[in-house]
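Residues per chain, in single letters:
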Amino acid sequence: MARWCYRHRLVVLVLWVGALFGLGAAGTSAGTNYSNVFSLPDTDSKRAYDLMTKAFPESAGDTDTVVWRVGEGASARDGDVRSRIEPALEEIAGMKGVGEVASPYASKQAGAAQISADGRIAYAQVTFAEEANSVPKELVQDVVDTAQKAERSGLRVELGGQAITRIQEPPAGIAETVGIAAAAVVLFLAFGSLFAMALPIVIAVFGVGLGMLSTMLLSHVTDIPEVAPLLGSLIGLGVGIDYALFIVTRHRRGILRGMEPEESAVQALNTSGRAVLFAGGTVCIALAGMLVMNMRFLDGVVVAASLTVVLSVLAAITLLPSLLGLLGPRVLSRRQRRRLAATGPEPAEASGLAARWSSYVQKRPRSIAALAFVVMAFLALPLLSLRLGATDQGNHQESTTTRQAYDLLAEGFGPGFNGPLQVVAEEADTGSLVAAIRDTEGVARVAAAPPANGVSVISVVPTTSPQSSETDELIDRLRGEVLPEAGVDAHVGGVTAVFKDFAAVTGDRLPYFVGAIIALGFLLLLVAFRSLVVPLTAALMNLIAAAASFGVLVAVFQWGWGTEILGIGKEGPITAFLPVIMLSLLFGLSMDYQVFLVSRMHEEWVHTKDNARAVRVGLAETSRVINCAALIMICVFSAFVLSGDMEGAMAGIGLAAAVALDAFILRTALVPAAMHLLGRSNWWLPAGLEKRLPHLAVEPREAPDEPAAVPHARVAPNDGEGVASVVHGFIRTAEGEPVEGATLTLVSQGGGQLDRVTSLADGSYIVAAPSAGAYLLAVRAPGYVARARHLMVADEPLVYDVELAVGEMDAVN
């Protein structure tokens, strides 16, 4: 398939561009129909909602609020205030798309409740003809402008509500644009080529664009929450850029080794492309784990995010090879092309820093493991105070009109006014129930509406804010004490009660969800690496990473640390559905890094049966490419602080922290240190289990070909028979000092180069032999005369240490 896409590149490109524009046209004409279905079956708030639907079958459009406040000593009832506010409200009521305006001046009896006790704050309710998502932004802006024109010295006007929130959002795509720009900088520094830099970004744009447009269309046939496209674009950009990065890097290294561009692209897709398929599959499986929660709201998130990941993977394995065909050798920088033409194919350059760090971890595994664990444990401490709930307009930035309106209503009518509860009962006479609720601790006001269709609705305003723990306690008190004692079959609903039930159900089901995704990860790694200890270690590391990232999330969004620096709103509880989504994404991304790191170690272990060497070489050859990929993810995720959506900002900061901790602490320090301490037991698997496990082929040779990786034991590209054995050992001076950067070449009897590597910081090397037989090993290093020695390689690995001196090469073993 890779070769076909490469050769028919124009056809593939036209198909992808046609799909993007076609879906774009369809999505634009169809529009969106996102719906936030937070209610859960078998909960008290859901039963209250069902009764409300029975009482009021025709739900009205979105209702927003105009709030005004007069200066000290004045009253909202004053004639000069009315003369400015009433004409504005009348103008708003006459706008096309506005259904009704409930003014405090319309009726003395009904309007009295809309003016605060001190008379300084009043509000009017504006009901649109449609729901918030369907109200044109131009109409909403006209309402805001008309209302705020009434302002003067001593008269302040603010507006709140869902429709008003929409016009405060930053321009669509600003978070994605900033994330892509930051990723472009990282890619340019890694590649040094504008063409190579652009390839991963183009792939991500196509994958995310098609994913978002498909989600728009699917919103008409299934329930897709508003936050789903945002989360889909967040994960799609991250994985799309990273997956293309792996493939492009492999392709570039192939060309630098002397391969033709077409053969290099085919090899890159056959190796790195397979790893991308595996990685994308693990992310989708992790996302599908959210279905265990049995929440309709999360089903839409699974659809949007999984669809975007699938399309990003498809773009990486089909569109990318066609673009590689269009660019040809221009995927390299001009300097690289000139050097390739002048000096011929080159071996990949070793990374001294990565090799030295890997050797340092091997020498001090206990201290590094202890330090890394202490850091992660410290960051996880805030998790102990995690409180799930919901964000509202009280969490918006202080400069927004919605936040100002929220604060004014709380000041004039009490903190609970912004989140009233509805007690719903199929009772005509609720007088005794109203009296019992009024006498309940934590209740500020109670008002009963006239019965409709045999259903009575009692509005209850708490004395505390919707996000307060005291409000949660009031809901429990009403359900557990007041309603049963009143002998009325009633239910407590409203937005605040719905989110409380949502958080409770999430907390109850979260352990099952975590268990499901951890078990899935264990099985995948067990099959891939034929080991019991490796998947157990990975499961523990995933839990540590999740705990630390949620600790950061609590510190920032619940405790308010750094909120001013980040430019986000007021602190509050963590959104109830966020832990499920974050754990799914974190599991998928952690699996990518774990497979990439451990597969290289596993390959070395299979060749040498030397655990210390396997861990050292695997870390040296993969740490930089993992860190580069993680840095791109961090840039993309962090940019979603600019999305204007609190849930998006939470997910962005939480995932950025998770990826940073996972890549820079867990995979670079704690995992390799733990594997050094565990020794050969890392690779233990009972013989009986070995026979029963299926074989899953995951291409592990991505790292040696990455520009940031340390080349070691790389099989020559034309070696199609595989590796039968290896020669490995250490390069040292006569004084026993390791020689780093020495070039070792394994040559066949016919004179053909079979493998070429450079020694690591500790002097170690490993070259691959395709079969048993006689070979020539040539060694050269700066300051030493090049020498060669004949070797006899059997089926078992050959240990061959080399001592270098000026003009001499001696075999120690």
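A quick note: this is a predicted structure, and the numbers were derived from the prediction, not measured. (Residues numbered from 1 in each chain as written. Predicted model: local features only at pLDDT ≥ 70, side-chain atom pairs only at ≥ 80, totals over all residues. Heavy atoms only, no water.)

Observations concerning the overall build of the protein chain
So, point 1. Scanning the protein chain from N- to C-terminus turns up 25 helices and 19 strands.
So, point 2. Put simply, the protein chain has 813 residues, and 57% of those count as buried.
So, point 3. Here the contacts in the protein chain between residues at least 6 apart in sequence split such that 77% fall between residues at least 24 apart.
So, point 4. On the protein chain, roughly 32,800 Å² of surface is accessible, and the fraction owed to carbon and sulfur atoms is 58%. (Helix = DSSP H or I, 4+ residues; strand = E, 2+ residues; numbered from the N terminus. Buried < 20%, exposed > 50% of the residue type's maximum accessible area, 1.4 Å probe, protein only. Contact = heavy atoms within 4.5 Å. Areas by Shrake-Rupley, 256 points an atom, 1.4 Å probe, with all protein chains shown as cover.)

Description of helix H17 (residues 431-438)
Side chains that are three or four residues apart share a direction in an α-helix, a result of its 3.6 residues per turn.
So, point 1. What H17 keeps buried is the set Leu433, Val434 and Ile437. An end-on view of H17 places all buried positions within 100° of arc, on one side of the element.
So, point 2. Residues of H17 that are buried make contact with strand S6 (421-425), strand S7 (443-448), strand S8 (456-462), helix H18 (469-486) and strand S9 (490-493). (Arc of directions from axis to C-beta.)

Focus on the sheet that holds S9
So, point 1. Strands sit in the order S7-S8-S6-S9 across an open sheet of 4 strands; the sheet is antiparallel. Two strands close off the open sheet at either side, each with one partner strand: S7 and S9. Neighbour-to-neighbour, the strand axes of the sheet open up by a mean angle of 25°, direction not taken into account.
So, point 2. Examined bridge by bridge, S6 and S9 share 4 bridges and lie antiparallel to one another. Pairing of alanine 425 across the sheet is with alanine 490, part of S9.
So, point 3. Against the sheet, H18 touches S6, S7, S8 and S9, its axis set at about 175° to S9. (Pairing = 2+ DSSP bridges. Axes fitted to C-alpha atoms, helices over the stretch in contact; angles between N-to-C directions.)

Observations concerning a negative patch on the surface
So, point 1. Negative charge collects at one region of the surface, where Glu91, Glu138, Asp142 and Asp145 lie side by side.
So, point 2. In terms of residue count, helix H6 (residues 137-148) provides more of the negative patch than any other element does, 3 residues in total.
So, point 3. Tracing the backbone through its elements, the reader meets aspartate 142 in helix H6. (Patch = residues over 30% accessible without salt bridge, like charges linked within 9 Å, V, L, I, M, F, W, Y side chains within 5 Å. Salt bridge = Lys/Arg side-chain N within 4 Å of Asp/Glu carboxyl O. Lys, Arg positive; Asp, Glu negative; His and termini not counted. Charge placed at Lys NZ, Arg CZ, Asp CG, Glu CD.)

Regarding the sheet that holds strand S2 (residues 98-102)
So, point 1. The strand order across the open sheet built from 4 strands is S2-S3-S1-S4, with neighbouring strands paired in antiparallel fashion. The open sheet has two edge strands, S2 and strand S4 (155-160), and neither has a second partner. Strand-to-strand, the axes of this sheet are offset by a mean angle of 20°, without reference to chain direction.
So, point 2. Its contacts with the sheet place helix H4 (residues 79-93) against strand S1 (63-70), S2, strand S3 (121-128) and S4, and it is angled at close to 160° to S2.
So, point 3. Strands in contact with H6 are S1, S2, S3 and S4; relative to S4, the strand with the most contacts, it is inclined by about 160°.

Considering the pairing of S8
So, point 1. Across the 7 residues of S8, 6 count as buried, placing the element largely inside the fold.
So, point 2. Taken together, the 5 bridges between S6 and S8 define a ladder with antiparallel strand orientation. Counted as the bridge partner of leucine 421 is valine 460 from S8.
So, point 3. Note: S7 against S8, 5 bridges, orientation antiparallel.

Topic: the packing of aromatic side chains
So, point 1. Enumeration according to the criterion identifies 8 aromatic pairs in this entry.
So, point 2. Between tryptophan 16 and phenylalanine 206, the aromatic rings sit 6.3 Å apart at their centres with planes inclined by 90°, giving edge-to-face as the arrangement. Pair noted here: tryptophan 16 is in helix H2 (residues 9-30) and phenylalanine 206 is in helix H9 (residues 194-218), with a separation of 190 residues, a long-range link.
So, point 3. The exposure class assigned to tryptophan 16 is buried, which follows from its relative accessible area of 12%.
So, point 4. Phenylalanine 206 sits in the buried class, given a relative accessible area of 12%.
So, point 5. The interplanar angle of 85° and the centroid separation of 5.2 Å between the aromatic rings of tyrosine 123 and phenylalanine 413 together place this pair among those described as edge-to-face. You can see tyrosine 123 sitting in strand S3 and its partner phenylalanine 413 sitting in helix H16 (residues 401-413), a full 290 residues away along the chain.
So, point 6. Taking the relative accessible area as the measure of exposure, tyrosine 123 reaches 8% and is therefore buried.
So, point 7. Grouping aromatic residues by their ring pairs yields a cluster made of Tyr123, Phe413 and Phe417.
So, point 8. In this structure, arginine 9 packs its charged tip against the face of tyrosine 6, placed 5.4 Å from the ring centre.
So, point 9. Lying across the ring of phenylalanine 195, arginine 330 places its NZ or CZ 5.5 Å from the centre. (Phe/Tyr/Trp six-rings, centres within 6.5 Å; stacked < 30°, edge-to-face > 60°. Lys NZ or Arg CZ within 6 Å of the ring centre and 35° of its normal.)

A closer look at the pattern of salt bridges
So, point 1. The final tally for this structure, using the stated rule, is 15 salt bridges.
So, point 2. Among the salt bridges present, the one from arginine 69 reaches glutamate 411, with a minimum N-O distance of 3.2 Å. With arginine 69 in strand S1 and glutamate 411 in helix H16, the pair connects residues that are 342 residues apart, well separated along the chain.
So, point 3. Residue glutamate 411 is classed as partly exposed on the basis of its relative accessible area of 47%.
So, point 4. Between aspartate 80 and arginine 152 there is a salt bridge, with its nearest N and O atoms 3.0 Å apart. Residue aspartate 80 is found in helix H4, and its partner arginine 152 is found in the loop between H6 and S4; the two are separated by 72 residues along the sequence.
So, point 5. Exposure remark for aspartate 80: the relative accessible area of 43% places this residue in the partly exposed category.
So, point 6. According to the relative accessible area criterion, arginine 152 is partly exposed, its value standing at 32%.
So, point 7. One network of salt bridges, with partners in common, ties together Arg3, Arg7, Glu262 and Glu263.

Notes on the state of the cysteines
So, point 1. Summed over the entire model, instances satisfying the criterion amount to 0 disulfides.
So, point 2. Among the cysteines around cysteine 635, which has no disulfide bond, cysteine 628 carries the closest sulfur, lying 9.7 Å off. (Disulfide = S-S within 2.5 Å.)

Some details on helix H12 (residues 296-327)
So, point 1. Over its 32 residues, H12 runs 45 Å from end to end, which matches the ideal 46 Å to within 8%, given 1.5 Å per residue.
So, point 2. At alanine 316, H12 shows its maximal bend, which comes to roughly 35°.
So, point 3. Burial of H12 is extensive: 25 of the 32 residues sit out of reach of the surface.
So, point 4. Of the residues one or two after H12, glycine 328 is the one with positive phi, at around 60°. (Expected span 1.5 Å × (residues − 1). Bend = angle between axes of the 7 residues up to and from the residue.)

Some points on the nonpolar core
So, point 1. If you look at the biggest cluster of nonpolar residues, it comprises 160 residues, and the most contacted ones within it are Met290, Leu298, Phe557 and Phe637.
So, point 2. For this core, the element with the most residues is helix H24 (residues 646-678), which contributes 19 residues.
So, point 3. Not counting the four nearest positions on each side in its chain, phenylalanine 637 is found in contact with Leu234, Ile235, Leu589, Gly652, Leu655, Ala656 and Val659. (Core = buried A, V, L, I, M, F, W, Y, C linked by side-chain atoms within 4.5 Å.)

Topic: the confidence of the model for the protein chain
The predicted coordinates ought not to be read in detail in places where the model reports low pLDDT.
So, point 1. Mean pLDDT over the protein chain: 81, with 89% of residues reaching 70 or higher.
So, point 2. Per-residue pLDDT, averaged within each element of the protein chain, yields its smallest value for strand S19 (residues 808-811) (41) and its largest for helix H15 (residues 365-380) (94).
So, point 3. Scored below 50 in pLDDT, residues 699-723 shows 93 contacts in the model against residues more than four places distant or in partner chains.
So, point 4. Segment residues 808-813: pLDDT under 50, and 21 contacts once partners within four positions in sequence are set aside and those in other chains are kept. (pLDDT = per-residue confidence, 0-100.)

Brief notes about the side chain of asparagine 542
So, point 1. Mapped onto the elements of the fold, asparagine 542 is located in helix H20 (residues 533-558).
So, point 2. Classification of asparagine 542 by relative accessible area gives buried; the value is 11%.
So, point 3. In terms of polar contacts, asparagine 542 uses its side chain to reach the side chain of arginine 667, at 3.3 Å.
So, point 4. The contact partners of asparagine 542, leaving out residues within four places of it in the chain, are Ile518, Leu586, Phe587, Ser590 and Arg667. (Polar contact = N/O pair within 3.5 Å; in protein donor to acceptor, adjacent residues only side chain to side chain.)

With respect to the environment of methionine 601
So, point 1. Position of methionine 601 among the secondary structure elements: in helix H22 (residues 578-608).
So, point 2. Methionine 601 sits 19 residues away from alanine 620 along the chain, and the two C-alpha atoms are 10.0 Å apart.
So, point 3. Not counting residues up to four positions away in its chain, the partners in contact with methionine 601 are Ala614, Val615, Gly618, Leu619, Pro672, Met675 and Trp683.

Description of the packing of H2 against H12
So, point 1. Their axes nearest at 8 Å, the elements H2 and H12 cross at an angle of 140°. In terms of orientation, H2 lies oblique with respect to H12. In this structure, H2 meets H12 at a crossing whose hand is left-handed. Across the interface between the two elements, Arg9, Leu10, Val12, Leu13 and Trp16 from H2 touch Leu311, Leu314, Ala315, Thr318, Leu319, Ser322, Leu323, Gly325 and Leu326 from H12.
So, point 2. Considering only residue class, the contact of H2 with H12 consists of 10 nonpolar, 3 polar and 1 charged. (Parallel < 35°, antiparallel > 145°, perpendicular 65-115°, else oblique. Left-handed = near helix turned anticlockwise from the far one by under 90°. Nonpolar A, V, L, I, M, F, W, Y, C, P; charged D, E, K, R; others polar.)

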